[in-house]
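The primary structure of each chain is shown beneath.
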Amino acid sequence: IDTTIARVDSTTAPSPAREGALDLYRSAAVMIVVIGHWLLSVMTFRDGAFGRDNPLILMPWTQWLTWFFQVVPVFFAVAGYASAVSWSRLPVDGSTSRQEWIRRRVARTIGPAAVYAVFVLAGMAVLRGAGIDGSVLELGGWAIAMHLWFLAVYLMVVALTPIAVAAHRRWGLAVPAVLGSCVVVVDVVGISTGHPEIRMVNYFFCWAAIYQLGIAWHGGLLRRRVLLAMAAAGAIALPLLVTWGPYPVAMIGVPGDRVENSAPPSVALLALALVEIGVLFAAVPLMNRALARGVWPKVIGIANNNVMALYLWHMLPVIVVTLVGYPTGLLPQPPLGSGTWWLARLEWEVVLAVVTAALLVLLSWQRRLFAAPMPTFGVPVPGAVAEAMLYAGTAACALALALLSSSGFAPQGRFPVTAVVLFTAGALLVAVRPRVVSAVR
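Definitions and cut-offs
Residues numbered from 1 in each chain as written. Predicted model: local features only at pLDDT ≥ 70, side-chain atom pairs only at ≥ 80, totals over all residues. Heavy atoms only, no water. Axes fitted to C-alpha atoms, helices over the stretch in contact; angles between N-to-C directions. Helix = DSSP H or I, 4+ residues; strand = E, 2+ residues; numbered from the N terminus. Parallel < 35°, antiparallel > 145°, perpendicular 65-115°, else oblique. Left-handed = near helix turned anticlockwise from the far one by under 90°. Contact = heavy atoms within 4.5 Å. Nonpolar A, V, L, I, M, F, W, Y, C, P; charged D, E, K, R; others polar. Buried < 20%, exposed > 50% of the residue type's maximum accessible area, 1.4 Å probe, protein only. Core = buried A, V, L, I, M, F, W, Y, C linked by side-chain atoms within 4.5 Å. Pairing = 2+ DSSP bridges. 1 Å grid on protein atoms, 1.4 Å probe; cavity = no way out; pocket = protein on both sides within 12 Å on 5 of 7 lines; lining within 4 Å. Points joined across faces, edges and corners; volume = space filled by probe spheres on them. Expected span 1.5 Å × (residues − 1). Patch = residues over 30% accessible without salt bridge, like charges linked within 9 Å, V, L, I, M, F, W, Y side chains within 5 Å. Areas by Shrake-Rupley, 256 points an atom, 1.4 Å probe, with all protein chains shown as cover. Salt bridge = Lys/Arg side-chain N within 4 Å of Asp/Glu carboxyl O.

### Let's talk about the packing of helix 4 (residues 72–88) against helix 7 (residues 149–159)
Then, in step 1: Close contact between helix 4 and helix 7 brings their axes to 11 Å; oriented N to C, the two are set at 30 degrees. Here helix 4 lies roughly parallel to helix 7, going by the angle between them. Handedness of the helix 4/helix 7 crossing: right-handed. Together, V72, F75, F76, A79 and S83 of helix 4 and W149, F150, V153, Y154, V157 and V158 of helix 7 make up the contact between the two elements.
Then, in step 2: Grouping the constituent residues of the contact of helix 4 with helix 7 by class yields 10 nonpolar, one polar and no charged.

Below is the structure:
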């Protein structure tokens, strides 16, 4: 994930005006998601055993709060804009091919993700060797892997960016409209026929539609009037969908719900996305003027430089603080939902923020390791073969991340062999780039 929205390249066309608001939206969206994950991480320690409470089940009214914490659509819309900017600024001399552009952007995601996975797996091995119970490892391994679905989807839409940009240039706003219509059709078929597995394809249709809106913003098609109309349509549709439609209130998964809004994404989530994107993108000109002054550019720059690390590593402090804070009694465990419980939640957030800040300083200090793109190497293979390997490798890495997200780093207390093999094979395929071999005279 790029640390800035636009990069200067003297061999390409002049850079567009800086969109400071979108930089802010991207980093703020990740921070809000992190805070939401921490709030829902209600870890427990009772009778010598670790566990987890789910406030969305035990306090159903909190499901409405997920409308404010489900801001991943904002990130994907900004990512679509960022990719369109980067794609439009390819060198005019053709020195960077479509294949190389995709490889570089995929490698920027796979590299940090691989380092994170290796670190976590090594930690799991140490804990397993220390005799930690498999059920505890499974719970912890899931907690620090459940957010990786985001990277799986991101790899998918980034790899398809050239097609998405070409589709935008030819059909404009019809592209996200058609993708959104596909979300509706898939939901209707999947829910009405009793075959919810059909809805899995909405991981593509929904997030691709949102990503496409960012590309449309870059293309100048999302004027203020269009954005506000989008927001109004979403604001009307969303309450109807969760009140008289088949969709739950919660915008993240709640065990026991027949239909979920996020796994896979639903029409209700798409409606929420239209509200968020419509309102926030309509405010971009005003926000840009406000953020161009004072310390804002520097603050936003620092935030964007660390946003990938924050998202990847933010659940690790949850495990550390749980292991240290609850068995020792340093963190209280008042009755769920009481006033003291909410104060304890605030204390939990502050402690996690401090630990995460220290972790980010360490990660920034060793940025060459933790934030480096995955290295690539040249092999004398035809360009078409290398491109096929690139797409196959990206798909394998995305599938591996999706498996880790659903099963964790220690499924049933064991090593995630399938996910690790898939990710390793996929990363090797992505790393191969065609090398021009000079003719021998």
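Still more to cover.
### Re helix 15 (residues 316–325)
Then, in step 1: Along helix 15, seven of the 10 residues are buried, which leaves the element largely enclosed by surrounding structure.
Then, in step 2: If you check which residues of helix 15 are buried, you get L316, P317, V318, I319, V321, T322 and G325.

### Here we look at the nonpolar core
Then, in step 1: Counting residues in each nonpolar core, the largest one holds 127 residues, and the members touching the most others are F76, I110, L148, I210, F281, W348 and F409.
Then, in step 2: When near neighbours in sequence (up to four residues on either side) are disregarded, W348 contacts W38, S41, M43, V318, V321, T322, Y326 and L331.

### Quick word on the pairing of strand 1 (residues 42–46)
Then, in step 1: The pairing of strand 1 with strand 2 (residues 49–53) spans five bridges and is antiparallel. In the sheet register, F45 faces strand 2, and the bridge partner there is F50.

### Details of empty space enclosed by the protein
Then, in step 1: Tallying each qualifying case throughout the model produces four cavities of 30 Å³ or more.
Then, in step 2: Volume-wise, the largest cavity comes out at about 50 Å³.
Then, in step 3: As for the largest cavity, its lining consists of A29, V30, V33, V72, F75, F150 and Y311.
Then, in step 4: No other element matches the three residues that helix 1 (residues 20–40) contributes to the lining of the largest cavity.

### With respect to helix 16 (residues 339–365)
Then, in step 1: For helix 16, with 27 residues, the first-to-last C-alpha span of 40 Å sits near the 39 Å given by 1.5 Å per residue.
Then, in step 2: Listed as buried for helix 16 are W341, A344, R345, W348, E349, L352, T356, L359, L360 and L363.
Then, in step 3: Against the buried residues of helix 16 lie helix 1, strand 1, helix 2 (55–58), helix 14 (296–313), helix 15 and helix 17 (367–370).

### Some words on a nonpolar patch on the surface
Then, in step 1: On the surface, a nonpolar cluster with roughly 460 Å² of combined accessible area is contributed by W61, L65, F68 and W342.
Then, in step 2: Within the element layout of this structure, F68 appears in helix 3 (residues 66–69).
Then, in step 3: Residue F68 is classed as exposed on the basis of its relative accessible area of 63%.

### Observations concerning the pattern of salt bridges
Then, in step 1: Taken as a whole and assessed by the stated rule, the structure comprises six salt bridges.
Then, in step 2: For D53, the salt bridge identified is with R46, shortest N-O distance 3.1 Å.
Then, in step 3: Here D53 falls in the buried class, since its relative accessible area comes to 16%.
Then, in step 4: Judged by its relative accessible area of 48%, R46 falls in the partly exposed class.
Then, in step 5: R104 serves as the salt-bridge partner of E100, at 3.5 Å between the closest nitrogen and oxygen. Linking E100 with R104, this pair stays in helix 5 (residues 98–129), spanning four residues, or about one helical turn.

### As for the environment of A427
Then, in step 1: Along the chain, A427 falls in helix 19 (residues 417–431).
Then, in step 2: Exposure remark for A427: the relative accessible area of 12% places this residue in the buried category.
Then, in step 3: Each C-alpha atom, one on A427 and one on C397, is 6.6 Å from the other, the two residues being 30 residues apart in sequence.
Then, in step 4: Ignoring any residue separated from it by four or fewer positions in sequence, one finds A427 in contact with I110, M374 and C397.

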